[in-house]
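Listed here are the chains, written in short residue letters.
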Amino acid sequence: MDNVLEIENLTMDYLVGFWRKQPTRVLDGLSLSVHRGEIFGFLGHNGAGKTTTIKILMRIIYPTAGKALILGKPIEDVEMRKRIGYLPETPYFYDYLTGYELLDYFGKLFGIERVTRKKRIQTTLDLVGLADVGKKQLRGYSKGMLQRIGIAQAILNDPEVVFLDEPMSGLDPIGRREVRNIIASLRDQGKTVFFSTHILSDVEVLCDRVAILKNGKRVAYGRLDEVQGRDIGALEMVTTTVAATGVPALTPFATQLRQTASGLHLELKDADTLDQVIQLVRQHGGRIVSVNPVKTSLEEFFIKDDRHHH
Amino acid sequence: MRQIVIIAHNTFRESVRDKVLLNLIIFVLLLIGGSLYFGELTIHNEQKAMINLGLSVMLMFGFMIAVFIGTGLVYKEIDKRTIYSMLAKPIYRYEFIIGKFLGLSATLFVNCVVMFVGILIALFYLTRQLDATAFVLLQAAFLIYLELLLTTAFALLFSSFSTPALSVFFSVLMYIIGNFTPDLKLFADLLQVNLYPNLRVAQIVLYGLYYTLPNLSNFNFISRTAHGEPIPGAAFGLGIVYFVIYVGLLLSLTVMIFERRNFK
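Each residue is numbered by its place in its chain's sequence as written, counting from 1. Each chain gets a letter, beginning with A, and each ligand a number, beginning with 1, in the order they are written. In keeping with the model being predicted, local features are shown solely for residues with a pLDDT of at least 70 and side-chain atom pairs are shown and tallied solely at 80 or more, while totals for entire chains, interfaces and linings include all residues. With hydrogens and water excluded, all non-hydrogen atoms of the structure serve as input to the side-chain values.

Chemist: Provide a residue-level description of the overall build of chain B, including the pertinent values.
Modeler: If you tally the helices and strands in chain B, you get 10 helices and zero strands. To qualify as a helix, a DSSP run of H or I must reach at least 4 residues; to qualify as a strand, a run of E must reach at least 2; elements of each kind are numbered from the N terminus. Start at the N end of chain B and walk to the C end: the helices and strands fall as α-α-α-α-α-α-α-α-α-α. Reported as C-alpha extents along the three principal axes, the dimensions of chain B are approximately 60 × 60 × 30 Å. Relative accessible area decides the class of each residue, using a 1.4 Å probe on protein chains only: under 20% of the type maximum gives buried, over 50% gives exposed, and in between gives partly exposed. Out of the 264 residues in chain B, the part that is buried amounts to 51%. Throughout, a contact is declared for two residues whenever any of their heavy atoms are within 4.5 Å. Within chain B, contacts between residues at least 6 apart in sequence are counted, and of these 80% link residues at least 24 apart. Surface accessibility of chain B: about 12,500 Å² in total, with carbon and sulfur atoms responsible for 73%. Charge assignment: positive for Lys and Arg, negative for Asp and Glu; neither His nor the chain ends contribute. Lysine's charge is taken at NZ, arginine's at CZ, aspartate's at CG and glutamate's at CD. Of the charged side chains in chain B, 18 are positive and 13 negative, and the gap between their average positions amounts to 12 Å. Using a 1.4 Å probe, accessible areas were evaluated by the Shrake-Rupley method; residue-level cover was limited to the displayed protein chains.

Chemist: Before we move on, can you summarise the domain arrangement of chain A with the specific residues and values?
Modeler: Boundary definitions for the domains trace back to an automatic or database domain assignment. For chain A, the domain assignment lists domain 1 (37-51 + 77-229) and domain 2 (233-293). Put simply, the middle of domain 1 of chain A and the middle of domain 2 of chain A, counted by C-alpha atoms, are 46 Å apart.

Chemist: Can you break down the interface of chain B and chain A residue by residue, with the values?
Modeler: Accessible area lost during the coming together of the parts is what is often quoted as the interface size. The interface of chain B with chain A comprises 30 residues on the first partner and 31 residues on the second. Across the interface of chain B and chain A, roughly 2,900 Å² is buried in total on both sides, 56% from carbon and sulfur atoms. Two parts placed together each lose some accessible area under a 1.4 Å probe, and the buried area is that loss summed for both. The largest share of the area that chain B buries against chain A comes from Arg17(B), Lys89(B) and Pro90(B), three residues that together contribute 20% of it. Note that Asp95(A) and Lys80(B) form a salt bridge whose closest N and O atoms lie 3.6 Å from each other. Counted as salt bridges are all cases of a side-chain nitrogen of Lys or Arg within 4 Å of a carboxyl oxygen of Asp or Glu.

Chemist: So, the packing of aromatic side chains: which residues are in play, and what are the values?
Modeler: Only the six-membered ring of Trp is used, alongside the rings of Phe and Tyr, when aromatic pairs are assigned; centres must lie within 6.5 Å, and planes under 30 degrees apart are stacked while those over 60 apart are edge-to-face, with the rest tilted. Here the structure, examined in full by the defined rule, presents 22 aromatic pairs over all chains. Consider the rings of Phe93(A) and Phe106(A), whose centres lie 6.3 Å apart with planes at 70°: the pair is edge-to-face. In this pair, Phe93(A) is assigned in the loop between strand E6 (84-87) and helix H2 (99-109) and Phe106(A) in helix H2, connecting sequence segments 13 residues apart. Taking the relative accessible area as the measure of exposure, Phe93(A) reaches 6% and is therefore buried. Ring centres of Phe158(B) and Phe170(B) lie 5.3 Å apart, and the angle between their planes is 45°; this geometry places the pair in the tilted category. Here Phe158(B), found in helix H6 (residues 133-159), pairs with Phe170(B), found in helix H7 (residues 164-190); they are 12 residues apart in sequence, far enough to count as distant. According to the relative accessible area criterion, Phe158(B) is buried, its value standing at 10%.

Chemist: Would you mind going over the confidence of the model for chain B in detail, with residue names and values included?
Modeler: Residues and elements named next belong to chain B. What pLDDT expresses is the predictor's confidence in each residue, scored from 0 to 100. Taken residue by residue, chain B gives an average pLDDT of 88. The fraction at 70 or more is 99%. Summarising per-element confidence for chain B, the mean pLDDT is lowest in helix H2 (residues 23-38) (80) and highest in helix H1 (residues 2-17) (94). As scored by the predictor, the complex reaches a pTM of 0.84 and an ipTM of 0.86.

Chemist: Mind laying out the pairing of strand E2 (residues 22-35) of chain A, listing which residues take part and the relevant values?
Modeler: Residues and elements named next belong to chain A. The pairing of strand E1 (residues 3-16) with E2 spans 10 bridges and is antiparallel. Within E2, the position partnered with Asp13 by the bridge is Arg25. Should DSSP find at least two bridges between two strands, the strands are taken to pair. Count of turn residues in the E1/E2 antiparallel hairpin: five residues, of which Gly17 carries a positive phi of about 110°.

Chemist: Any details on the side chain of Gln147(A)? Residues and values, ideally.
Modeler: Residue and element names in this part refer to chain A. Within the secondary structure, Gln147 is located in helix H4 (residues 143-155). In this structure Gln147 comes out as buried when scored by relative accessible area, which is 3%. For Gln147, the side chain forms a polar contact with the main-chain oxygen of Pro167, separated by 3.0 Å. With sequence-adjacent residues up to four places away left out, Gln147 is seen in contact with Leu87, Pro91, Glu166, Pro167, Met168, Ser169 and Leu171. In the analysis that follows, any N or O atom pair within 3.5 Å is treated as a polar contact, provided that within protein one partner can donate a hydrogen and the other can accept it, and provided that, for residues neighboring in sequence, both atoms belong to side chains.

Chemist: Describe the nonpolar core, with residues and values.
Modeler: Counting residues in hydrophobic clusters, the biggest one holds 155 residues, and the most contacted among them are Leu32(A), Ile70(A), Ile149(A), Phe163(A) and Leu55(B). In contact with Ile149(A), not counting residues within four places along its chain, are Phe93(A), Gly99(A), Leu102(A), Leu103(A), Leu125(A), Leu130(A), Leu138(A) and Tyr141(A). Side-chain atoms within 4.5 Å link the members of a nonpolar core, which is a set of buried Ala, Val, Leu, Ile, Met, Phe, Trp, Tyr and Cys residues.

Set out below in C-alpha cells:
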C-alpha cells in the first residue's frame, strides 16, 4: 500500500530542570504509517505526545532518535513541504495582517503563482467561511475564526496530506461540525488527513484508522473497528417487566442487571447464551425490547487502559 | 533567495504597521526646532550644529529601532508561536533569519533616507546653498546606516538564545563597548612590556579584545563631518569591509544557533 507517512521508532527526550537537567521521555519509540487517502486519527490525553510528534514532523523540534518519511521524503526535505499542510495547535498568526494577506504571504512562500494564488485564496476563504472577513486584520478575529484561518492556510496549497493538530479545539458545536465536514471533504478530494485530538467522538465519526498514544507510547493502532471491537462478545439487552422469579433466574447469565420502572436492563457475559436468555425472559412473562452488541468504544478503551497503568 | 525576499517584505510590512516609522515625525519636529534655533548662530556654526544634531538623532533613533525591534524579530515569533506555521512552510531556517534581518534593514533604510533628506532640506533652509558638504553628509549617513545594521545583527544574535530584556541589555552593552574599543588598543600599546614582562599576557588579552569586539569608531564620522572634514576614501572603504565581515560572522553565528533550536 502507498504510505504517505511513515514513522519509525520516533523518540523525544526533553531536558527538564535548571541545574541538573534530567531527560524526560515524552515520546517513546513511536512507529506508525498512514495510507494515502485515509483519515488517520491520532488520539491521546493532553500531554501524551501528540503535539510533540507533529512538531517533529514539521521540523519545529528535532527528535532524539528515530526517523520519519512524509510522501516518501525525509522530513528535512524542504521541497516536500510544498505538498503538505499543517495547522498548529491553538494557532497564532501575524495579527497585523488581514486574513487575505496572511494567505497571500503563505501562498507566496509555497511558490504559488499570482493568478492561481488569488483564486486559491478566494476559494479557501469561502470554504472555511471567512469570505466576508478576509479584509479584516487578524487581531480582530475570534478564537474560532483564527482556527478557521489556520485550516485555510493548511489547505491553501492544495496539499496531498494535511496535518491538523487539534483542529476542533476552541470551536462551538456548529464550528466543530463544519470542521468535520471540511475534513471529510478533504478525503473526498483524495487527500490524506492526519489529525490529533483528545475528543473521541471526532475520531469515531471521521477516522479510517487510529493510533492511541499514552505517556509517549503507542497503546493501540489499527482500523477503527479493530481497535474499538476488541471485546465484542458482550451484549446489552433491554426487556419489559418480568415476573419476580425471573430476576434470580437471569442473574447467573448477566454481568450487570438493573431493574427499571419499565423493565430490565442487563448485560450478558457471553453472546452464546442469548437464546437461552430470551427463552427465560419469555417464560417469565417478559418481552425483548432491544439487543445490542457492547463494543468496547474508544472511550472505554481509554478507561480500561488507565486501569492497566495505575 | 525568493523566500528571503518574501520574508523580508513581510517583516518590513510588520514594522510599518506597528508604526515604527512614526519616529520620523519627531525627527522632523526636532529639525524644524533646530533650524529656528540655529538660525541665530553664524553661518558656519549653524551648519555645524545642524549636521551634528541631524546625524546624532539619526543614529540615536535608528539605534533604538535596531535594538528594540531587532531583539523582538525572532523572539516575538517564538513567543507568539507564529514560528510554528512558518517553519512548516518550504523554507530553510537560515532563510527565515536572513529575511528577518533584511526586513528590518529595509525599515532602517527608509528611516535613514527620509532623515538624510530632512537634514539636507534643513541645511538648505539655513545656508541657502548646497555645496560639497552634501556628499560628505551622504557618506557619513551611509556609515551610520551600516552601524545600525551591525547593531541589528547583534540584537538578532542575542535574541536567538536569550530573553528580550537581556538581549536589549547585551545590545546596549555591546554598543557602549564598541565605542571604546580603540581605547583598548591605546591602553595595550601603552603597557611597558619591555620593562615589565609580566604585562605581556595582559597586552595579548587587550589586543584580542580589540580585534574581536566590535569597533564602532569605523562608522562614526559625525563630528568630523560637522566640522566640514571629508571622510578619507580608505576610512570609508575600511568601514564597508569591516561591516561586511563582521555582520557576516554575526549572522552566521545566529543561523547556527537558530538551526539547532527546538521550539517548545
